[in-house]
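What follows is each chain in one-letter form.
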Amino acid sequence: MQRTLGTCYYPEHWPEEVWEDDAARMAAAGLTWVRIGEFAWGRIEPAPGDLHWDWLDRAIEVLGQAGLKVVLGTPTATPPRWVVNKHPDMLAVDAAGRPRKFGSRRHYCFSHAGYLDECRRIVTLMADRYGCNPHVAAWQTDNEYGCHDTILSYSEAARGAFRDWLAQRYQSPEALNRAWGNVFWSMDYASFDDVDLPNLTVTEPNPSHVLDFRRFSSDQVVRFNRVQVDILRARSEAPIAHNYMGRVTDFDHYAVGDDLDIASWDSYPLGFLENVVGAEDAHKRRYNRQGDPDFQAFHHDLYRAVGRGRWWVMEQQPGPVNWAPYNPAPLPGMVRLWSWEAFAHGAEAVCYFRWRQAPFAQEQMHAGLLRPDSADAPAMDEARQVAAEIAEAPQVQPRQVPVALVFDYEADWAWDVQPHGAGLSYFGLVLECYRALRRAGLSVDIVRPDPAHLAGYKAIFAPGLMILPDDLKAAFLASDAQVVLGPRAGARSRDMAIPAALPPDLPGFDLKVTRVESMRPDMPVALSGGGAVTGYLDEIEGAGDPVLETETGRPVALAFGGLTYLAGWLDRAGFDRLVAQTAARAGVATRPMPEGVRIRDTGTERFWFNYTAETVKTDAGDLPPAGVLRQPL
Ligand code: GAL
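Residues numbered from 1 in each chain as written. Predicted model: local features only at pLDDT ≥ 70, side-chain atom pairs only at ≥ 80, totals over all residues. Heavy atoms only, no water.

**Topic: the side chain of arginine 35**
(1) Moving on: Looking at the element boundaries, arginine 35 is found in strand β2 (residues 33–36).
(2) Moving on: Residue arginine 35 is classed as buried on the basis of its relative accessible area of 0%.
(3) Moving on: Polar contacts involving the side chain of arginine 35 include one to the side chain of glutamate 38, which spans 2.8 Å. (Helix = DSSP H or I, 4+ residues; strand = E, 2+ residues; numbered from the N terminus. Buried < 20%, exposed > 50% of the residue type's maximum accessible area, 1.4 Å probe, protein only. Polar contact = N/O pair within 3.5 Å; in protein donor to acceptor, adjacent residues only side chain to side chain.)

Dropping the structure here:
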């Protein structure tokens with residue numbers, strides 16, 4: 001695989017006279033890819049059936065003639081006003097029952113049949129026109145499914161589609177009543193038409209009802225995307241991607257990814273640091289201009305799994321953005337570091353968002369590679385430097401590393417439906433585990449919760465898998481790897497009920513979770529030997545070897561041969577101990593990292609990244625602030 005760079009461009013934002021110069025400058029900077037079109041429906045079809053492809057024909061031609069490869073986005077994330085006028089009930093409805101209005105983007109409900117038909121129509125027209133265009137070298141479906149909280153919709157269309165989905169799944173209302181436990185509070189239904197969406201109830205709705213609504217909502221995204229993919233595939237041989245997001249888990253990305261050729265995601269390290277990571281203020285101050293040292297890498301590894309090996313960064317932050325609470329400029333060198341980090345994790349392409357900063361509308365405060373006056377912005381030099389460097393080191397050599405971390409979207413929904421304590425999230429738990437693995441100097445493969453993806457690892461961490469299907473359970477138990485499960489492993493059945501034999505219900509294991517408790521975050525329970533449990537603790541009974549216990553002797557991790565059951569949510573020191581002990585048992589060498597320094601191994605290279613603002617001494621030599629070091633392996 002070749003390492004390449006690109007950018008996101010909006011020809012419709014600029015006078016046609018500048019396109020040629022823009023294209024020439026992109027090529028001269030060493031960029032290969034240019035993504036266009038994903039918000040251009042209004043200029044392609046300003047009124048129903050009034051099609052204006054001529055400008056897009058010329059834009060693609062100008063870019064292609066400059067030697068660039070075009071990623072063409074289907075424009076379905078921004079239906080023009082006339083589409084909404086035609087289908088006023090296509091708008092998604094929020095949990096409070098309010099329609100989400102026209103005037104920005106992503107104003108549609110995935111379940112609306114009329115809107116899906118409009119998408120079918122415009123994507124077909126686009127694919128007919130450009131499917132064989134020699135400059136269109138890849139497609140992107142829509143833009144960022146889930147952005148702005150747009151997966152769950154409580155519309156009429158969603159309600160009807162949910163009832164159909166339930167009827168398919170349960171076949172009879174009696175079966176649904178049994179599965180959900182609707183005898184509780186007299187919630188039985190006589191017909192699927194009686195089932196409503198789980199919003200606006202007096203107190204919390206039935207967790208089984210909510211979990212099914214989450215599954216349904218995810219399936220609607222898969223269906224929506226598949227409609228586009230089928231149209232594109234029938235008309236084009238170019239690979240198809242979607243640009244996923246950081247920290248968005250509202251749909252099963254593996255299921256969407258299975259229909260695509262490439263997974264890509266949009267990486268905004270400084271925006272994420274303030275908004276999403278949930279870290280303490282001191283951490284945010286420390287990494288203010290660099291981003292969290294693990295957050296990007298986590299998503300690189302996750303989307304490598306989603307893309308079955310083929311993945312890109314479709315949008316890379318190039319400077320201050322407009323949407324986080326505070327929007328600092330990156331430390332000099334960070335744009336280069338972020339780009340190299342993606343390549344180190346196996347990216348084929350990194351595309352900077354966006355080419356030129358827009359002087360109008362919502363993203364005026366968002367930097368690009370060019371300033372609004374077309375002069376180079378600071379990121380341009382770093383992009384040029386990366387382009388020159390990858391020309392010297394063009395190949396990606398992926399390889400399977402010894403340590404896997406399982407990520408399961410359904411577990412994330414189950415924790416969300418029933419967190420049991422404020423602030424407890426599956427995503428947070430898995431990220432904490434990932435951070436600990438990286439602090440120990442380990443490269444990590446994130447893998448699907450699927451027996452077919454577990455082979456060949458020496459250690460498999462699978463924290464928080466609340467719903468453990470039998471085949472996955474069997475695969476963990478049969479694995480030669482050191483496997484870490486829990487907390488809350490198998491805590492719920494598929495229907496969101498407590499298993500009759502009590503969790504984790506591992507055949508042949510003398511282990512039971514007899515009670516669970518959640519705790520205030522400021523009341524950690526100390527572990528003997530260092531570290532603590534915070535937030536959540538299973539009470540377990542079993543005959544395993546104690547790996548971690550509280551100062552009062554309550555077991556927190558028990559080992560049964562190759563399987564360790566973790567009963568609590570560990571703090572940083574606790575996770576570091578668990579990782580060190582598990583790695584030692586698995587025969588995997590660890591190398592504790594200096595604060596803010598991380599490594600990643602490919603098949604042929606070891607990369608070192610310094611996320612701090614100071615020079616750090618490492619085994620590989622001194623790393624300057626924002627420094628990247630590449631060693632042959
Ligand atoms: C992404 C989106 C882009 C742009 C960017 C700004 O979420 O895909 O269109 O809005 O954020 O950072």
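**Here's the deal with the site of the ligand**
(1) Moving on: Around the ligand, the neighbouring residues are Phe39, Arg105, Asn143, Glu144, Asp266, Tyr268, Glu315, Trp323, Phe353, Glu363 and His366.
(2) Moving on: A distance of 2.8 Å is found between an oxygen atom of the ligand and a side-chain nitrogen or oxygen belonging to arginine 105.
(3) Moving on: Between asparagine 143 and the ligand, the recorded distance is 3.0 Å, taken from a side-chain N or O atom to an oxygen atom.
(4) Moving on: Compared with its free state, where it exposes 310 Å², the ligand has 96% of that area covered by protein.
(5) Moving on: Its residues assigned to classes, the shell around the ligand comprises four nonpolar, two polar and five charged. (Near = heavy atom within 4 Å. Areas by Shrake-Rupley, 256 points an atom, 1.4 Å probe, with all protein chains shown as cover. Nonpolar A, V, L, I, M, F, W, Y, C, P; charged D, E, K, R; others polar.)

**As for the pattern of salt bridges**
Pairing is possible between side chains of opposite charge, provided their charged atoms come close.
(1) Moving on: In this structure the tally under the stated criterion is 54 salt bridges.
(2) Moving on: In this structure, arginine 58 and glutamate 16 form a salt bridge, with 2.5 Å as the shortest nitrogen-oxygen distance. With arginine 58 in helix α3 (residues 54–65) and glutamate 16 in the loop between β1 (4–8) and α1 (19–28), this residue pair connects regions lying 42 residues apart in the sequence.
(3) Moving on: Judged by its relative accessible area of 33%, glutamate 16 falls in the partly exposed class.
(4) Moving on: Aspartate 416 is the salt-bridge partner of arginine 214, the closest N and O atoms lying 2.8 Å from each other. Of the two residues, arginine 214 sits in helix α8 (residues 207–235) while aspartate 416 sits in helix α15 (residues 409–417), which places them 202 residues apart along the sequence.
(5) Moving on: Members of the salt-bridge network, linked through shared partners, are Asp292, Asp294, Glu341, Glu432, Arg435, Arg438 and Arg598. (Salt bridge = Lys/Arg side-chain N within 4 Å of Asp/Glu carboxyl O.)

**Some remarks on α15**
(1) Moving on: Here α15 lies mainly inside the structure; seven of its nine residues are buried.
(2) Moving on: All buried positions along α15 are accounted for by Tyr409, Ala411, Asp412, Trp413, Ala414, Trp415 and Val417.
(3) Moving on: Lining the buried residues of α15 we find α8, α9 (253–257), α12 (295–306), α16 (426–439) and β19 (568–570).
(4) Moving on: Capping the start of α15 is the job of one residue whose side-chain oxygen sits 3.2 Å from the backbone nitrogen of glutamate 410: aspartate 408. (Contact = heavy atoms within 4.5 Å.)

**Here's the deal with the packing of α16 against helix α18 (residues 572–586)**
(1) Moving on: Where α16 meets α18, the closest approach of the two axes is 9 Å, and the angle between their N-to-C directions is 60°. It follows from the interaxial angle that α16 and α18 lie oblique. Seen from above, α16 lies across α18 with right-handed handedness. Contacts between α16 and α18 involve Leu429, Glu432, Cys433, Ala436, Leu437 and Arg439 from the first element and Arg572, Phe575, Asp576 and Val579 from the second.
(2) Moving on: Residues of the contact of α16 with α18, tallied by class, amount to six nonpolar, no polar and four charged. (Axes fitted to C-alpha atoms, helices over the stretch in contact; angles between N-to-C directions. Parallel < 35°, antiparallel > 145°, perpendicular 65-115°, else oblique. Left-handed = near helix turned anticlockwise from the far one by under 90°.)

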